[in-house]
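# Reading the structure
Given next are the chains, with one letter for each unit.
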Amino acid sequence: MIKRPLGTVCLLIILFLFLKVELFQKEEQEIVFDTKELYMTGTVHKKDLVSKGKGEVLYLKDVVLYGETHKEKKVERIICYLSPASSSAEVGSHILIQGKPETFDRATNPGQFDRKFYYQISGVSFRLSQANILAKSIEYDELKESLYRLRCRLALQMDACLPAEDAAIMKAILLGAKSDMEEETKDLYQRSGIGHILAISGLHISLLGIGTLKVLKRTGLPMGAAHFLAAVLMFLYGLMTGFSVSMLRAVIMFLLHMGAKLVGRTYDMLTGAAVAAVLILLEQPLYLYYGGFVFSFGCVIGIALVMPTLTKTQNPLPIVLQRLLSGVVMAVISYPMYLWFYYQFPPYSIVLNLLVIPLMSFLMAAGLILLLMSIIFAKGAFLPANVVSGILWIYRELCRICDQLPGHVYTPGRPRLWQVLIYVFILLFVVLIGNRKKKNFPLKWKWGMVFGGILILSIPFRSEPELTFLDVGQGDCIYIKSQTGKTYLIDGGSTSASSVGEYRIIPFLKYKGASDMEAIIVTHPDEDHINGVLEVLEKGKLEGIYVKYLIMPEIEETLKNTAYKELEQTAKDAAVKVRYIRAGEMLLDGEMTLECLNPKPGAAYQEANEYSTVLLLKCGKLSALLTGDAEGEGEKVLLQALKDHVSAEQITVLKAAHHGSKNSTSEELLEYLKPQLTVISCGKDNVYGHPHEETLQRLKAVGSYILTTPEEGAITVRWKDEIKVESFLKQSK
């Protein structure tokens, strides 16, 4: 960087901004709304395309709230989801709007997407749903509004010329509009490692920018005019499509490149990236923690520094081997970022991108020709439309083939920060020795160090056992990792958090690297204990989560309801072995034992809560009683089993039965157990009133320390040397 003084200055500024965020950044205060409707004024600074039949999405800035609680309170930005019946407003206009205010949820479990932090990065304080515009100014930004209308028209042309699925993908690739894309399509591309083509980024700007420049040069324009016009067109394109962070980086670097050509200076990629990073971070330093920012700049820096070092050979390689080697280097560059943000890596993406990226130039060219033809000669649009559909078909089939291959995703979990730093230092060291002029280090030595770094990054160094009570809202989900490294899940469901398996449980398992689960134990088939388990069984293999056994309570045939049988069938369809457990049986895993205390054969159970599986976990210094929803007859059986086999002083942690309901965790049981810690899993402000005040008083009476998932988020107990309890929400503040 000594030869790049501007780059060095930018690097120092980035370091200063990082330290400023780490040392002085305060958590954004959440706005509390005590009204169902809110009135406010603000300026429309951006609009988004939405699915058919839905209202527009407006982004307001310089917002002023009105009401008894919020008298002219000012916030930076908000998102407004207009009702279909609402009138629209032009970009740049000042509006009066009314709607239902909603805050963003923060992550309460490891691995869970933090929606609150995501929007905090964008400067968005909250959202307004079912919004209606009551008044708007006459003045607006004519340029931005014209670009938005052009974007809408182009989107309609895509819809008219292509099948719905293909049109949605092309609108994402060319127009930055993802609202019509199916989640299944996004997930398919992401799992295969080609999700980057769905977001306008450096690849798109390079193809469009360089292509535009070539066309302008062929028109006979002077060189300076061609470069200037190409820069202007790319800036307008970015303005039209919304300037995502990856696109903003690419456009800034393209503008710097064109500017260098105009003034007769040499363009340097690293300096360009450093300047772009500073310009973006000065606006919002929190982008340092945003995956899109890290991926975008990480790949550019890697291409500039690492790629030449690891592809430099004494003798030229055949073109196929050159491209394959380049693909492997890109995997080396992106590997730590994949593990940090997604907790897994798609190994087949190395080969897949070699096929996908070369076709992108043809796909984008065909898409642009399609848009042009649909406007000036609609009948001629069928040819580029067929090219587009053909290439997208190839993409889909390649992704589906990868999904069927063994090991289509590798899930070691999120590495520790020190592992990532060592990996980065190894890459930097390889770059330094690779650029030495006096001594040329053999390529195999450099790759040997890189593979050593990959090994360090991939090994799960945290081997201590743990017991985690996930926050799944109104429901239950418990994760256990034994000293041998085997993992278990006890229940997984919720009646308050939608798609709890997809959005909370599976991301948590990925984060932990729990890709090969020994067993999922279901205590009983109530919805708040199994709907997430069903999602894990149905989607787990595609997401890189494999389950060996599903263990269910052994009960009379007459007690097996529809949900019980559905679980059995879903497991069989997923090739998961089904086993059954009853009182007196035990799971052994190294020093850890899981003893079943309920259900007992022959007991007079009347409903599912009563036959709920109760497990006593013992491992080292820890003992934990995991009660499911046991109550009534089930609790009687449990108490008798405890008196027969277990001494009271052994119970360290109690999972309160039935979310802390009034009719569970009786005084007699607590007087016998006297648990040191009681964990209650329930939903925040749930309609059932859990945990019940009487239950809390009974727990306090025996001196038990109480933790609840609504207040703490995920609660983790570790016990390798001494017993430690961690709260996700309080730890992450």
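What this report covers is the structure whose coordinates are included nearby.

Parameters at a glance
- Residues numbered from 1 in each chain as written.
- Predicted model: local features only at pLDDT ≥ 70, side-chain atom pairs only at ≥ 80, totals over all residues.
- Heavy atoms only, no water.
- Patch = residues over 30% accessible without salt bridge, like charges linked within 9 Å, V, L, I, M, F, W, Y side chains within 5 Å.
- Areas by Shrake-Rupley, 256 points an atom, 1.4 Å probe, with all protein chains shown as cover.
- Salt bridge = Lys/Arg side-chain N within 4 Å of Asp/Glu carboxyl O.
- Helix = DSSP H or I, 4+ residues; strand = E, 2+ residues; numbered from the N terminus.
- Pairing = 2+ DSSP bridges.
- Axes fitted to C-alpha atoms, helices over the stretch in contact; angles between N-to-C directions.
- Parallel < 35°, antiparallel > 145°, perpendicular 65-115°, else oblique.
- Left-handed = near helix turned anticlockwise from the far one by under 90°.
- Contact = heavy atoms within 4.5 Å.
- Nonpolar A, V, L, I, M, F, W, Y, C, P; charged D, E, K, R; others polar.
- Core = buried A, V, L, I, M, F, W, Y, C linked by side-chain atoms within 4.5 Å.
- Buried < 20%, exposed > 50% of the residue type's maximum accessible area, 1.4 Å probe, protein only.
- Lys, Arg positive; Asp, Glu negative; His and termini not counted.
- Charge placed at Lys NZ, Arg CZ, Asp CG, Glu CD.
- Expected span 1.5 Å × (residues − 1).
- Phe/Tyr/Trp six-rings, centres within 6.5 Å; stacked < 30°, edge-to-face > 60°.
- Lys NZ or Arg CZ within 6 Å of the ring centre and 35° of its normal.

### Here we look at a nonpolar patch on the surface
Among the surface-exposed residues, Leu221, Phe228, Leu229, Val232, Leu233, Leu262 and Val263 lie close enough to one another that they form a single nonpolar patch of about 570 Å² accessible area. Of all the secondary structure elements, the ones that give two or more residues to the nonpolar patch are helix H7 (223-241) and helix H8 (245-263). Looking at the nonpolar patch, the element that brings in the most residues is H7, giving four residues. Relative to the assigned elements, Phe228 resides in helix H7.

### Let's talk about the sheet that holds strand E3 (residues 73-82)
If you walk around this closed barrel you meet the five strands as E1-E2-E3-E5-E4, and the pairing is mixed. With direction set aside, neighbouring strand axes in the sheet form an average angle of 50°. Sheet topology note: the strand E1 (residues 38-48)/strand E2 (residues 57-66) ladder contains eight bridges and is antiparallel. Paired with Lys47 across the bridge in E2 is Leu58.

### A closer look at the packing of helix H3 (residues 142-161) against helix H4 (residues 164-175)
Closest axis-to-axis distance for the H3/H4 pair is 9 Å, and the angle between their directions is 150°. Here H3 lies roughly antiparallel to H4, going by the angle between them. Between H3 and H4 the crossing geometry is right-handed. Contacts from Arg151, Leu154, Ala155, Met158 and Asp159 in H3 reach Ala167, Met170, Lys171, Leu174 and Leu175 in H4. Of the residues contributing to the contact of H3 with H4, the split by class is seven nonpolar, no polar and three charged.

### Observations regarding unusual backbone geometry
For the bond running from Asn598 to Pro599, omega is 10°, close enough to zero to count as cis. Backbone torsion omega between His690 and Pro691 reads -5°, so that peptide bond is classified as cis. Looking at where Pro691 falls in the secondary structure, it is placed in the loop between strand E17 (677-680) and helix H21 (693-701).

### Things to note about the nonpolar core
Counting 55 residues, the largest nonpolar core has Met170, Ile173, Tyr189, Ile205, Leu363 and Tyr395 as its most contacted members. Discounting chain neighbours no more than four positions away, the residues touching Tyr189 are Ile169, Ile194, Gly195, Ile197, Leu198, Leu392, Tyr395, Arg396 and Cys399. Counting residues in each nonpolar core, the second largest holds 35 residues, with Leu470, Val472, Val547 and Tyr564 among its members.

### Description of a positive patch on the surface
A cluster of basic residues, Lys214, Lys217, Arg218 and Lys261, forms a positive patch at the surface. With three residues, the single largest contributor to the positive patch is helix H6 (residues 202-218). Within the secondary structure layout, Lys214 lies in helix H6.

### Notes on the environment of Gly683
Looking at the secondary structure, you find Gly683 in the loop between E17 and H21. For Gly683, a relative accessible area of 4% translates into the label buried. Distance from Gly683 to Thr708, taken between C-alpha atoms, is 9.3 Å for residues 25 residues apart in sequence. Residues in contact with Gly683, not counting those within four places in the same chain, are Gly473, Gln474 and Pro710.

### Quick look at the pattern of salt bridges
According to the stated counting rule, one finds 29 salt bridges in the structure shown. When the shortest N-O distance is used, the salt bridge between Lys47 and Glu145 registers 3.4 Å. With Lys47 in strand E1 and Glu145 in helix H3, this residue pair connects regions lying 98 residues apart in the sequence. Note on Glu145: relative accessible area 3%, which makes it buried. Of the charged contacts in the structure, one is a salt bridge between Arg396 and Glu165, with a shortest N-O distance of 3.8 Å. One end of the pair, Arg396, is in helix H13 (residues 382-404); the other, Glu165, is in helix H4, with 231 residues separating them in the sequence. For Glu165, a relative accessible area of 34% translates into the label partly exposed. The network of salt bridges with shared partners includes Lys47, Glu56, Glu90, Lys136, Glu145 and Arg149.

### Section: the sheet that holds strand E9 (residues 516-521)
Spatially, eight strands are ordered E11-E10-E9-E8-E7-E6-E19-E20 in an open sheet, and the strand pairing comes out mixed. Looking along the sheet, the strands with just one partner apiece sit at the ends: strand E11 (577-581) and strand E20 (724-727). On average, each strand axis in the sheet is inclined to that of its neighbour by 20°, with strand direction left out of account. Where strand E10 (residues 546-553) lies against E11, five bridges are found, and the strand directions are parallel.

### Details of the pairing of E1
With respect to burial, E1 is a largely interior element, eight of its 11 residues being buried. Bridging between E1 and strand E4 (residues 94-102) involves six bridges; their strand directions are antiparallel. Following the sheet pairing, Gly42 is matched in E4 by Ile95.

### Quick notes on helix H9 (residues 269-283)
Taking 1.5 Å of rise per residue, 15 residues should cover 21 Å, and H9 covers 22 Å from first to last C-alpha, within 8% of that figure. Of all 15 residues making up H9, 11 are buried, and the element is well covered by its neighbours. Every buried residue belonging to H9 is among Leu270, Thr271, Gly272, Ala273, Ala274, Val275, Ala276, Ala277, Val278, Ile280 and Leu281, and all of these are buried. Each element contacted by the buried residues of H9 is listed here: helix H1 (5-24), H8 and helix H10 (291-311).

### What about helix H11 (residues 319-342)?
The terminal C-alpha atoms of H11 lie 32 Å apart, and with 24 residues this matches the ideal 34 Å at 1.5 Å per residue to within 8%. Inspection of H11 places Leu325, Gly327, Val329, Ala331, Val332, Ile333, Ser334, Tyr335, Pro336, Met337, Tyr338 and Leu339 among the buried residues, and these make up the whole buried set. Downstream of H11 by a residue or two, Tyr343 has a phi angle that is positive, lying close to 70°.

### Some words on the packing of H6 against H7
At their nearest, the axes of H6 and H7 sit 9 Å apart, and the two run at 145° to each other. Crossing geometry of H6 relative to H7 is assigned as right-handed. Touching Ile205, Leu208, Gly209, Thr212, Leu213, Leu216 and Lys217 of H6 are Met223, Ala226, His227, Leu229, Ala230, Leu233, Met234 and Tyr237, all from H7. A class-by-class count of the residues in the contact of H6 with H7 yields 11 nonpolar, three polar and one charged.

### Focus on the pairing of E4
Pairing between E4 and strand E5 (residues 124-136): seven bridges, direction antiparallel. Across the sheet, the residue bridging to Pro101 is Leu128, located in E5.

### Examining the packing of aromatic side chains
Between two aromatic rings, the relevant description is the distance of the centres plus the angle of the planes. Tallied over the full model, the rule gives 17 aromatic pairs. With a centroid separation of 4.1 Å and an interplanar angle of 10°, the aromatic rings of Phe104 and Tyr119 are classed as stacked. Pair noted here: Phe104 is in the loop between E4 and helix H2 (115-121) and Tyr119 is in helix H2, with a separation of 15 residues, a long-range link. Both residues of the pair, Phe104 and Tyr119, belong to the buried class. Pairing Phe235 with Phe243 gives two aromatic rings, centres 5.8 Å apart and planes at 50°, and the pair type is tilted. Taken together, the ring pairs in this structure connect Phe104, Phe113, Tyr118, Tyr119, Tyr287, Tyr290, Phe293 and Phe297 into an aromatic cluster. Sitting over the face of the ring of Tyr59, Lys46 holds its NZ or CZ atom 4.6 Å from the ring centroid. Sitting over the face of the ring of Trp340, Arg414 holds its NZ or CZ atom 3.6 Å from the ring centroid.

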